[in-house]
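This is what each chain is made of:
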Amino acid sequence: MLKNAGIVLLIVVSLVGCRFKKKTPPSTLKVVDPKVWVDEHTQSNADSVSVKHLHLDIKVEMDKKQIAGSALWTISNNHKQKELILDTYGLIIDSVIVDGNSVSYQLDSPIKFLGSALHIPIVENSKFVAIHYKTGLNARALQWLDPQQTHDKKFPFLYTQSEAIYARSWIPCPDGPGMRFTYTARVSVPKGLMALMSAENTDIVNDTGIYHFKMNLPIPAYLMALAVGDLAFSGIDERTGVYAEKGMLEKARYEFENVGRMVGCAEQLYGPYRWGRYDILVLPPGFPLGGMENPRLTFCTPSIIAGDRSLVSLIAHELAHSWSGNLVTNATWNDFWLNEGFTVYFERRIMEQLMGETYSDMLWELGYQDLENTVASLGPTHKDTWLKLNLKGRDPDDGLTDIAYEKGCLLLRLLEKTAGRDRFDKFLVSYFDANAFKTITTETFLNFLDTGLIKNDTVLRKKLNIDEWVYGPGIPSNAPRAGRDLFNKVDAQREKFLSGMPAEKIAFVHWSAHEWLHFLRGMPPGLMPSQMAQLDDAFNFTNSGNSEVADMWFFLAIRTNYYQAYPAMERFLSTIGRRKFLEPLYQEMMLSPNGEEMAKRLYAKYRKNYHPIAQESLNEIVLKLN
Ligand code: BES
Ligand code: ZN
């Protein structure tokens, strides 16, 4: 894969007719040539063919749960390749046409996770490659919802989730983050439903059932996104707004009312927002993620609509990806921390600007706790705790953990604290500017850091000890930690309660959701059901409207056998499909024989409400399938 590759390198590689190769992960900064890499998770050769533009013409068949149509690729075969190889996963290929002529293509047998490479013969001046296809039954990107699985329960719904390597299950494409293209689309849906994509929408509401889209900026395949449902729109300001099912729209609009200000804050920090509009689509509750940074249109779970705007940092996160991720993209999934670590750092800077330092420092501290837990559960010397990952031969979905997020953002915080905020901010602005619409490796970033920030400051270099962060396990000893003291009063109240003070005496005035979350997180394993009952009587955690607090509470309920919370927990598990909540709850149930029985019963009952990728992880946890 390439970006930043010099002309000479391009010529050399095209002459030998092979793809860019990089050796094993480097151990020091100096020996690395940051300009070459190989992406283990794509079989496409689109980097050497130059695949520029996609025109998608598809029909979404809600009854059949199938997408059918064509993907027309505009290519430029400058390096005289004999074939174009695209990624596919479970697609049924009907025909392939190159410049108007039907060609005989080859579809390889599937490789686990990667799918089937589609080989299409091309010649030097081939320009247009059209693939006529249908999606298969096992399309990992697609969740088809029956009406009763939606919020309003009236119409069916479809949405896609393409990151990390699922775009190939609904579009034959070069499915690696290192290959960018622009796109247009014509999407036909049942009349009355609305279609949305990660693109400019040329007709927001229409009754023909045919929608046209345009994305003029080059994006990688993992940012391809489509949603179809009974949706409505509510504008927030001239460049932001919310889409949701009608019954959800007003609540969603209230929750996200400050999103216009958020975009303004982000721009003040790291330069202009380059994507035109920034809208949010609230999905039905089965959405497996908190959010997904589809360009121009963040997809998000309704579980962040708490009624009090207490979970909007998730929107700051997805918005921040408009710079880190969508503008400057990780070259391979091994460099995932470049997307997520930068984004969490940026998210917290936005929240600091909007809500003040106390608020953001609490986010930093909760994140630090998440990091400690992730390191503890992976093991402190595990290689998945390096920032630079090695996902070769694995499904990226299995190796992408909180490490990229929380260890990644801590490294950036260390850079900020060590170099000074002013200097670091200037560096980041230049980083986004210099690498806009490029794809970079960890090593490219490290070189950029070396020349742009560290320069020849050997004292600074030594203090940072970056090698240990990037190519070493666990939490390095110079990791900055903020906000710990902010929770002292919460810790003190918890202690008092645990030593016998009645729950109603807990002094909690003006505690935020962060403080409640910290309060519950610190409960010891030996908590008694009677103590849970006392807490519930005083604070009604079982019916908390904050999904993070409710999730933590249900976790404790399983651990302590606090049965009174089970009906509410079952309602939670029956509707909310967010993996971040489902996995720990099912995992905790599986730790006891009674719990295991409950996990199996609940999973059998609600499995169909979960997204295919959530089902894949729960099959492992609950059914112990691999
Ligand atoms: N890009 C990610 C979602 C993702 C990561 C999808 C890896 C597939 C593979 C998104 O920006 C994200 O990080 N979402 C988080 C929320 C965030 C506030 C940490 C999530 O969904 O929990
Ligand atoms: Zn993210």
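Further up the page is the structure itself.
The following paragraphs examine the structure supplied in this document. (Residues numbered from 1 in each chain as written. Chains lettered and ligands numbered in written order. Predicted model: local features only at pLDDT ≥ 70, side-chain atom pairs only at ≥ 80, totals over all residues. Heavy atoms only, no water.)

### A word on the site of ligand 1
The environment of ligand 1 is made up of 14 residues, and the closest members are Glu 163, Gly 290, Glu 293, Glu 318 and Tyr 405. Backbone polar atom of Gly 291 to a nitrogen atom of ligand 1: 3.2 Å apart, as the coordinates give it. If ligand 1 stood free it would expose 520 Å²; the protein chains cover 85% of that surface. Mapped by element, the contributors of at least two residues to the shell around ligand 1 are β19 (291-292), α5 (313-320) and α6 (336-355). When residues in the shell around ligand 1 are grouped by element, the largest group, 3 residues, is from α5. Counted by class, the shell around ligand 1 contains 5 nonpolar, 5 polar and 4 charged residues. Both domains that meet at the shell around ligand 1, namely domain 2 (230-322) and domain 3 (329-470), each give it at least three residues. (Near = heavy atom within 4 Å. Polar contact = N/O pair within 3.5 Å; in protein donor to acceptor, adjacent residues only side chain to side chain. Areas by Shrake-Rupley, 256 points an atom, 1.4 Å probe, with all protein chains shown as cover. Helix = DSSP H or I, 4+ residues; strand = E, 2+ residues; numbered from the N terminus. Nonpolar A, V, L, I, M, F, W, Y, C, P; charged D, E, K, R; others polar. Domains from an automatic or database assignment.)

### What to know about the pattern of salt bridges
Evaluated as defined, the whole model comprises 40 salt bridges. Across the pair Asp 425 and Arg 349 runs a salt bridge, and its minimum N-O distance is 2.8 Å. Here Arg 349 lies in helix α6 and Asp 425 lies in helix α10 (residues 421-434), a separation of 76 residues in the sequence. The buried category is assigned to Arg 349, whose relative accessible area is 5%. Residues Glu 416 and Arg 421 are paired through a salt bridge, measuring 3.1 Å at the closest nitrogen-oxygen approach. (Salt bridge = Lys/Arg side-chain N within 4 Å of Asp/Glu carboxyl O. Buried < 20%, exposed > 50% of the residue type's maximum accessible area, 1.4 Å probe, protein only.)

### Here we look at the coordination of the zinc ion (ligand 2)
The protein atoms donating to the zinc ion (ligand 2) are His 317 (NE2), His 321 (NE2), Glu 340 (OE) and Glu 340 (OE), with metal-donor distances spanning 1.9 to 2.8 Å. The site at the zinc ion (ligand 2) holds 6 donor atoms, and with the angles between them running 52 to 160°, its shape is irregular. If you list the donors of the zinc ion (ligand 2) from N- to C-terminus, the spacing comes out as H-x3-H-x18-E. Judged by relative accessible area, His 317 falls into the buried class, the value being 8%. What makes His 321 buried here is its relative accessible area of 1%. (Donors = N, O, S within 2.8 Å, 3.2 Å for Na, K, Ca; no water. Tetrahedral: all angles 85-135°; square planar, octahedral: opposite > 155°, others 65-115°.)

### Digging into the side chain of Glu 245
With respect to the element layout, Glu 245 can be found in strand β17 (residues 240-245). Here Glu 245 sits buried without a salt bridge, and the closest side chain of opposite charge, Lys 153, lies 7.9 Å off (N-O distance). Here the side chain of Glu 245 touches Asp 152 through a polar contact of 2.8 Å, landing on its backbone nitrogen. Apart from residues lying up to four places away in sequence, Glu 245 is in contact with Thr 150, His 151, Asp 152, Lys 153, Phe 157, Asp 230, Leu 231 and Pro 284. (Lys, Arg positive; Asp, Glu negative; His and termini not counted. Contact = heavy atoms within 4.5 Å.)

### Focus on the nonpolar core
For soluble globular proteins, nonpolar side chains are generally found buried alongside one another. Trp 73, Phe 256 and Phe 445 are the most contacted members of the largest nonpolar core, which totals 156 residues. The greatest single-element share of this core, amounting to 10 residues, is contributed by α6. Of all hydrophobic cores here, the second largest spans 52 residues; its members include Val 549, Ala 557, Tyr 566 and Met 590. (Core = buried A, V, L, I, M, F, W, Y, C linked by side-chain atoms within 4.5 Å.)

### Description of the side chain of Arg 180
For Arg 180, the position within the fold is in strand β11 (residues 180-188). For the buried Arg 180, no salt bridge is present, and the opposite-charge side chain at shortest range is Glu 293, 11 Å distant. Separated by 2.4 Å, the side chains of Arg 180 and Thr 329 make a polar contact.

### Side note on the pairing of strand β7 (residues 116-121)
Counting buried positions along β7 gives 5 out of 6 residues, so the element sits mostly inside the fold. Where strand β3 (residues 83-88) lies against β7, 6 bridges are found, and the strand directions are antiparallel. What sits directly across from Leu 86, in β7, is Leu 118. (Pairing = 2+ DSSP bridges.)

### Describing the packing of α6 against α10
Angle between the axes and distance between the axes are the two parameters that describe a pair of packed helices. Across the interface, α6 lies against α10 with an axial gap of 14 Å and an inter-helix angle of 130°. Classified by the angle their axes make, α6 and α10 are oblique. Judged by the sense of rotation from one axis to the other, the crossing of α6 with α10 is left-handed. In contact with Leu 338, Phe 342, Tyr 345, Arg 349 and Glu 352 of α6, α10 contributes Arg 421, Phe 424, Asp 425, Leu 428, Tyr 431 and Phe 432. Each residue belonging to the contact of α6 with α10 can be placed in one class, and the counts come to 7 nonpolar, no polar and 4 charged. (Axes fitted to C-alpha atoms, helices over the stretch in contact; angles between N-to-C directions. Parallel < 35°, antiparallel > 145°, perpendicular 65-115°, else oblique. Left-handed = near helix turned anticlockwise from the far one by under 90°.)

### Description of the packing of aromatic side chains
Counting across every chain of the model gives 44 aromatic pairs. Judged by centre distance (6.0 Å) and plane angle (45°), the ring pair of Trp 337 and Phe 342 falls under tilted. On the basis of relative accessible area, Trp 337 is assigned to the buried category, the value being 0%. Taking the relative accessible area as the measure of exposure, Phe 342 reaches 2% and is therefore buried. Against the face of Tyr 254 rests Arg 309, its NZ or CZ located 3.9 Å from the ring centre. The aromatic ring of Trp 364 is capped on one face by Arg 348, whose charged end is 4.9 Å from the ring centroid. (Phe/Tyr/Trp six-rings, centres within 6.5 Å; stacked < 30°, edge-to-face > 60°. Lys NZ or Arg CZ within 6 Å of the ring centre and 35° of its normal.)

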